[in-house]
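Here is what each chain is made of, one letter per residue.
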4 protein chains.
Amino acid sequence: GIGGPGLVVIAGPCAVESEEQMLRIARRVKAAGAQMLRGGAFKPRTSPYAFQGMGKKGLQLLALARKETGLPVVTEVLDQRTLADVAEYADVLQVGARNMQNFALLKELGQLKKPIMLKRGLSATLDEWLMSAEYLLSEGNKNIFLCERGIRAFSDHARNTLDLNVVPAVKEMSHLPIIVDPSHATGVRARVAPMARAAVAAGAHGIMIEVHDRPDQALCDGPQALHPDDFATLMVDLAAIAGALGRGMATPALKGRG
Amino acid sequence: GIGGPGLVVIAGPCAVESEEQMLRIARRVKAAGAQMLRGGAFKPRTSPYAFQGMGKKGLQLLALARKETGLPVVTEVLDQRTLADVAEYADVLQVGARNMQNFALLKELGQLKKPIMLKRGLSATLDEWLMSAEYLLSEGNKNIFLCERGIRAFSDHARNTLDLNVVPAVKEMSHLPIIVDPSHATGVRARVAPMARAAVAAGAHGIMIEVHDRPDQALCDGPQALHPDDFATLMVDLAAIAGALGRGMATPALKGRG
Amino acid sequence: GIGGPGLVVIAGPCAVESEEQMLRIARRVKAAGAQMLRGGAFKPRTSPYAFQGMGKKGLQLLALARKETGLPVVTEVLDQRTLADVAEYADVLQVGARNMQNFALLKELGQLKKPIMLKRGLSATLDEWLMSAEYLLSEGNKNIFLCERGIRAFSDHARNTLDLNVVPAVKEMSHLPIIVDPSHATGVRARVAPMARAAVAAGAHGIMIEVHDRPDQALCDGPQALHPDDFATLMVDLAAIAGALGRGMATPALKGRG
Amino acid sequence: GIGGPGLVVIAGPCAVESEEQMLRIARRVKAAGAQMLRGGAFKPRTSPYAFQGMGKKGLQLLALARKETGLPVVTEVLDQRTLADVAEYADVLQVGARNMQNFALLKELGQLKKPIMLKRGLSATLDEWLMSAEYLLSEGNKNIFLCERGIRAFSDHARNTLDLNVVPAVKEMSHLPIIVDPSHATGVRARVAPMARAAVAAGAHGIMIEVHDRPDQALCDGPQALHPDDFATLMVDLAAIAGALGRGMATPALKGRG
């Protein structure tokens with residue numbers, strides 16, 4: 001799992017959009033070597049008029065993609081009311097940046113038996129982030145990993161500022177594994193691969209990448225999605241960097257398949 | 001109410017701590033001329049081991065203080081599960097900075113008939129803040145006002161950086177009233193009064209101030225609480241500044257009492 | 001002078017553009033009650049292809065405006081090579097935000113007998129700012145005042161983020177007077193007056209305002225320049241706020257005139 | 001040189017402290033494979049009471065270290081008055097972060113024939129940085145490379161926030177080579193190597209590292225200096241990452257030696 005010597009790659013679309021889209025992309029990321037599958041069923045959107053995700057139907061499509069590919073599924077939980085549904089379908093529950101200090105949600109997730117991926121808030125200090133993890137730990141859930149996804153600074157050349165300094169800092173101060181999401185950290189397709197490579201070189205335990213085979217039609221975050229071919233190329237680079245530093249890729253944690 | 005020509009001042013302790021504490025402070029802020037009463041029953045705390053608020057009992061003490069003083073009560077709603085309780089007792093429901101993009105909570109609050117105070121997130125742009133208000137508006141609740149409480153920047157001489165520029169910017173771009181919370185924006189007692197005066201001079205519709213008569217014993221945010229005597233002095237200054245700019249204090253919106 | 005009980009207002013165009021422009025505006029700001037005159041002869045511009053100022057000719061026009069109005073002149077020194085010229089003509093030498101840590105320049109300015117206005121760097125902490133003042137003090141120049149002009153944060157609704165919190169913080173930590181420049185802090189004409197009022201209410205010792213009577217033709221920073229009529233209105237407001245807080249306007253420190 | 005396919009590593013102490021110190025460290029970084037030598041003779045220090053560098057004597061010791069090792073020398077120019085001296089001794093002149101918008105200095109450097117390393121200001125946008133390079137280019141000096149050294153954000157877990165996103169962004173928008181300084185970007189020895197590896201994986205043309213063999217006695221920035229042994233280990237890692245991505249180390253650009 002995440003936190004061992006091997007590098008873990010989570011990949012998939014920003015949002016589940018349809019059965020065909022989800023299965024098509026799931027097969028491609030599996031073929032390229034991803035060990036886990038991502039996809040959003042409940043989407044936190046700045047505007048109430050933007051696509052809010054397929055909801056429970058999206059969760060069911062993620063389960064279908066898991067059955068088809070054997071890849072465990074990571075998906076975001078937005079909400080105390082839909083937590084039970086997400087927990088039923090997901091293998092890993094993601095807490096998004098905007099909910100990093102949604103303490104009521106964290107307390108309920110702390111009572112689950114499932115792994116939690118806790119993203120860093122846009123302006124969270126490292127102490128605040130670790131304290132949010134403590135909300136999960138103090139309720140009994142020890143199965144946590146962190147995800148750096150860029151912070152808000154003054155820079156205007158990228159969607160966010162990826163703070164890779166935090167990777168070694170987390171390792172000094174905590175036992176929790178840490179992965180990096182270069183898709184949200186850049187917001188720009190051409191910079192995702194350089195930042196993914198950098199994250200591995202910095203010592204991240206894993207990487208999460210948004211992949212879409214028709215990014216111009218994506219309902220969410222198309223401009224930062226890698227095409228599956230480019231994702232496959234990136235996987236080769238990541239394996240090479242990991243290898244150069246004496247690490248390997250994690251063995252696929254296959255699940256189900258039927 | 002808030003958004004009219006008169007200046008509205010909301011004051012009270014960070015947290016409800018006991019019947020005596022709440023009533024003592026409520027009487028003092030009323031005597032000094034505050035039009036509304038604040039106090040937290042559910043407290044969002046960085047650490048799970050910090051005081052989390054008195055919960056429903058705290059709401060009941062706020063209702064008692066309202067009965068005693070006639071002042072309407074503003075208190076924070078943290079959570080979908082406790083929303084109904086807060087809505088039962090509060091006159092105005094506060095959405096805190098950490099929940100500004102808790103979209104599930106916003107949607108439920110949009111269906112209430114009660115006024116909502118929406119605080120700005122620590123790293124929220126103005127567009128994001130107004131879009132969060134839009135989550136309330138699009139569900140039917142038009143009774144909203146905004147609260148600037150400081151943003152996160154690099155400065156280390158204060159708890160946060162108060163962004164008063166946003167007051168005229170909100171007025172240019174929105175019809176929503178905006179108040180300012182200098183207590184959280186500074187985190188330091190000695191700077192609360194200067195920033196409160198500045199906010200009024202900048203054109204804010206109101207001010208929210210933390211007041212405690214025994215700040216060294218406060219269970220939360222004691223270092224930024226004004227003593228009631230200093231709060232009374234500040235009220236005189238605020239009235240003078242408002243008067244100098246052709247405004248007055250709002251008439252107390254008395255409620256209940258008997 | 002600056003730092004006494006009375007409020008000092010420095011006003012004038014961003015840049016000296018011509019004899020007519022400088023004298024026209026100087027007369028208007030004097031008539032409205034400004035105690036000092038500003039105008040840039042050497043302009044620090046992000047692009048080498050932008051107007052760089054009139055240089056020594058600009059200094060001479062400032063001296064002419066001083067003779068005509070009796071107002072002392074504040075102008076920026078950019079450069080060790082032109083320092084002697086600026087020192088010959090200016091009454092107060094301004095160190096701009098970009099030069100706050102130009103230590104070589106500071107050391108030379110520390111050996112002058114003339115007052116220095118030290119602007120805060122865009123990302124300077126309070127400690128760094130006071131240490132830059134220490135470069136002046138340690139060379140023997142005790143005649144210094146500070147100028148807050150906005151910091152760089154993530155906000156995109158204004159040119160910079162005005163940090164008024166720093167006004168009481170400077171007063172706690174230093175004996176140096178502090179003024180505020182709301183023109184650069186906002187970059188938007190409509191927000192200059194609210195922030196100027198706020199700065200006075202926060203306790204600043206003075207204000208510096210850019211004024212231009214033909215802002216659409218200004219060679220520099222037209223969008224943030226107040227029209228002289230609006231400047232005159234603002235002066236009335238500032239006097240009213242100062243009066244409400246028990247302060248007055250400083251007596252004009254008239255100079256020269258003959 | 002910098003900007004070709006091979007990775008260039010610049011290394012050496014923060015400041016020249018003595019002949020013995022400079023030669024000892026120069027030999028070690030040369031032995032480990034560095035292609036260029038760094039060392040500060042004029043140091044920009046926040047406090048006027050901190051060590052300000054050895055000045056011209058430091059430049060002479062750098063020249064001695066160049067003669068001894070054959071490595072070209074990079075050193076900072078702080079000042080118009082000492083520019084001629086620095087230009088006489090240095091192979092590459094460094095413009096530090098605090099001087100990125102010292103336009104007078106840039107104009108003079110633009111008239112030199114020697115290469116300039118332009119560090120990014122702590123709060124400089126990419127556009128501002130490229131415009132500062134334009135001050136050099138427009139005066140005729142085309143021999144420029146950029147150096148990312150961390151920006152100022154809210155984070156408190158490191159001295160600065162390393163913005164590696166800017167590496168691919170520079171490559172999209174400019175022909176200028178870009179290197180990364182992980183020493184200043186972290187301020188913490190244990191994080192220098194991870195960020196150096198990350199910078200190479202992100203595609204930087206080079207790296208600049210502070211190395212000191214007695215960091216506890218260093219007159220400047222000891223806590224971020226790598227020991228020569230750790231620097232040698234890092235060089236092996238950097239070569240491995242570069243190799244994994246189809247690049248190699250640059251050939252040493254040997255000079256002089258006599």
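Below or above, wherever it landed, is the structure these notes cover.

Parameters at a glance
Residues numbered from 1 in each chain as written. Chains lettered and ligands numbered in written order. Predicted model: local features only at pLDDT ≥ 70, side-chain atom pairs only at ≥ 80, totals over all residues. Heavy atoms only, no water. Helix = DSSP H or I, 4+ residues; strand = E, 2+ residues; numbered from the N terminus. Buried < 20%, exposed > 50% of the residue type's maximum accessible area, 1.4 Å probe, protein only. Contact = heavy atoms within 4.5 Å. Areas by Shrake-Rupley, 256 points an atom, 1.4 Å probe, with all protein chains shown as cover. Expected span 1.5 Å × (residues − 1). Least-squares fit on C-alpha atoms with pLDDT ≥ 70 in both. Disulfide = S-S within 2.5 Å. Core = buried A, V, L, I, M, F, W, Y, C linked by side-chain atoms within 4.5 Å. Pairing = 2+ DSSP bridges. Right-handed = clockwise from strand over helix to strand, strands pointing away. Phe/Tyr/Trp six-rings, centres within 6.5 Å; stacked < 30°, edge-to-face > 60°. Salt bridge = Lys/Arg side-chain N within 4 Å of Asp/Glu carboxyl O. Buried area = accessible area lost by both parts, 1.4 Å probe. Axes fitted to C-alpha atoms, helices over the stretch in contact; angles between N-to-C directions. Polar contact = N/O pair within 3.5 Å; in protein donor to acceptor, adjacent residues only side chain to side chain.

Here we come to the overall build of chain A. Within chain A, the regular secondary structure consists of 9 helices and 8 strands. Summarising its shape, the C-alpha atoms of chain A cover approximately 45 × 40 × 40 Å along the three principal directions. Here chain A, with 258 residues, has 67% of them falling under the buried criterion. Contacts spanning at least 24 positions in sequence make up 70% of the contacts within chain A whose residues lie at least 6 apart. Per element, the accessible surface of chain A, about 8,200 Å² overall, is 51% carbon and sulfur.

The subject of this paragraph is helix α5 (residues 126-137) of chain C. All names here are of chain C. End to end, α5 covers 16 Å across 12 residues, agreeing with the expected 16 Å (1.5 Å per residue, within 8%). Summarising burial for α5: 9 of the 12 residues are buried, a large majority. In this structure, the buried side of α5 is in contact with α4 (103-109), β5 (116-119), β6 (144-148), α6 (166-173) and β7 (178-180).

This part takes up the relation of the copies chain D and chain A. Of the transformation superimposing chain D on chain A, the axial component is 0.0 Å and the angular component is 180 degrees, with the fit at an RMSD of 0.0 Å. What we have between these two chains is a two-fold relation. Proximity to the rotation axis, assessed at the C-alpha, singles out A198 of chain D in chain D; its C-alpha lies 2.0 Å from the axis.

So, on to the environment of A50 of chain A. All names here are of chain A. Mapped onto the elements of the fold, A50 is located in the loop between β2 (36-38) and α2 (56-69). Relative accessible area serves as the criterion here: at 23%, A50 is assigned to the partly exposed category. Distance from A50 to L219, taken between C-alpha atoms, is 8.9 Å for residues 169 residues apart in sequence.

So, about the state of the cysteines. For the structure on display, the rule yields 4 disulfides over all chains. Covalently, C14 of chain C is tied to C220 of chain C through a disulfide, its sulfur atoms 2.2 Å apart. Placement of the pair is C14 of chain C in the loop between β1 (8-12) and α1 (19-32) and C220 of chain C in the loop between β8 (206-210) and α9 (228-244), with a sequence separation of 206 residues. There is no split in this pair, since C14 of chain C and C220 of chain C are both buried. We note that C147 of chain A lacks a disulfide partner, and the nearest cysteine sulfur, in C14 of chain A, lies 13 Å from it. Owing to a relative accessible area of 0%, C147 of chain A belongs among the buried residues under this scheme.

This part is about the nonpolar core. If you look at soluble globular proteins, the nonpolar side chains tend to sit buried side by side. In terms of nonpolar packing, the biggest core is built from 155 residues, with L109, L164 and F231 of chain B together with L109, L164 and F231 of chain C touching the most fellow members. In terms of residue count, helix α8 (residues 189-202) of chain C provides more of this core than any other element does, 9 residues in total. For L164 of chain B, the residues in contact, after removing those within four places along its chain, are V180, A198 and A199 of chain B together with L164, M195 and A198 of chain C. Counting 154 residues, the second-largest nonpolar core is a separate cluster that includes A63, A124 and V200 of chain A together with V200 of chain D.

Residue and element names in this part refer to chain A. Within strand β1 (residues 8-12), 5 of the 5 residues are buried, which leaves it mostly tucked inside the rest of the structure. Neither face of β1 is left uncovered, since the one carrying V8, I10 and G12 and the one carrying V9 and A11 both have all their residues buried. Taken together, the 2 bridges between β1 and β2 define a ladder with parallel strand orientation. Bridging from a neighbouring strand, I10 pairs with M36 of β2. For the crossover from β1 across helix α1 (residues 19-32) to β2, the handedness is right-handed.

Here helix α6 (residues 166-173) of chain D has its buried residues at V166, V167, P168, A169 and V170 of chain D. Considering only its buried residues, α6 of chain D is in contact with α8 (189-201) of chain A together with α5 (126-137), β6 (144-148), β7 (178-180) and α8 (189-202) of chain D.

Aromatic ring pairs are described here by two measures, namely the spacing of the ring centres and the angle between the planes. Residue and element names in this part refer to chain C. Going through the model one piece at a time under the given rule, you end up with 4 aromatic pairs over all chains. Measuring from centroid to centroid gives 4.5 Å for F103 and Y135, while their planes differ by 25 degrees, and the two rings are stacked. Taken as a pair, F103 in helix α4 and Y135 in helix α5 lie far apart in primary sequence, 32 residues in all. What makes F103 buried here is its relative accessible area of 4%.

Below, the discussion takes up the pattern of salt bridges. Residues and elements named next belong to chain B. Inspection of the entire model under this criterion finds 56 salt bridges over all chains. Here R38 and E210 are joined by a salt bridge, their closest N and O atoms 3.5 Å apart. Remark: E210 occurs in strand β8 (residues 206-210) and R38 occurs in strand β2 (residues 36-38); sequence separation between them is 172 residues. Residue R38 shares its accessibility class with E210, and that shared class is buried.

What follows concerns the interface of chain D and chain A. Chain D puts 39 residues into the contact, and the matching count from chain A is 39 residues. Each partner contributes to the roughly 2,900 Å² buried at the junction of chain D and chain A, and carbon and sulfur atoms together form 65% of this total. For the chain D face of the interface with chain A, the top three residues by lost area are F154, H157 and N165 of chain D, together amounting to 24%. Scanning the region where chain D abuts chain A turns up 2 salt bridges.

Moving on, we get to the sheet that holds β8 of chain B. Residue and element names in this part refer to chain B. Judged by pairing direction, the barrel is parallel, and its 8 strands sit side by side in the order β1-β2-β3-β4-β5-β6-β7-β8 before closing back on the first. Strand-to-strand, the axes of this sheet are offset by a mean angle of 25 degrees, without reference to chain direction. In the packing of helix α9 (residues 228-244) onto the sheet, the strands contacted are β1 (8-12) and β8, and the crossing angle to β1 comes to about 170 degrees.

Take the environment of G248 of chain D next. Residue and element names in this part refer to chain D. Relative to the helices and strands, G248 is located in the segment after α9 (228-244). Put simply, G248 and V8 are 240 residues apart on the chain and 9.4 Å apart in space, counted from C-alpha to C-alpha. In this view, G248 contacts P5, G6, L7 and A242; residues no more than four positions away in its chain are not counted.

Let us now look at the sheet that holds strand β3 (residues 73-76) of chain C. Residues and elements named next belong to chain C. Taken together, the 8 strands give a closed barrel; going around it, the order is β1-β2-β3-β4-β5-β6-β7-β8, and neighbouring strands pair in parallel fashion. When the angles between neighbouring strand axes are averaged without regard to direction, this sheet yields 25 degrees. Bridge count for β1 against β8 is 5 bridges, and the pairing is parallel. Note on β8: the bridge partner recorded for G12 is E210. α1 rests against β1 and β2 (36-38) of the sheet, and its axis sits at about 145 degrees to β2. Together, β7 and β8 form the strand contacts of α8, whose direction differs from that of β8 by roughly 170 degrees.

Residue and element names in this part refer to chain A. Structurally, K119 can be placed in strand β5 (residues 116-119). A polar contact of 2.7 Å, which involves the side chain of K119, links it to the side chain of D181. When sequence neighbours within four positions are dropped, the list of residues in contact with K119 reads Q94, V95, G96, A97, M100, W129, C147, R149, D181, H184 and M208.

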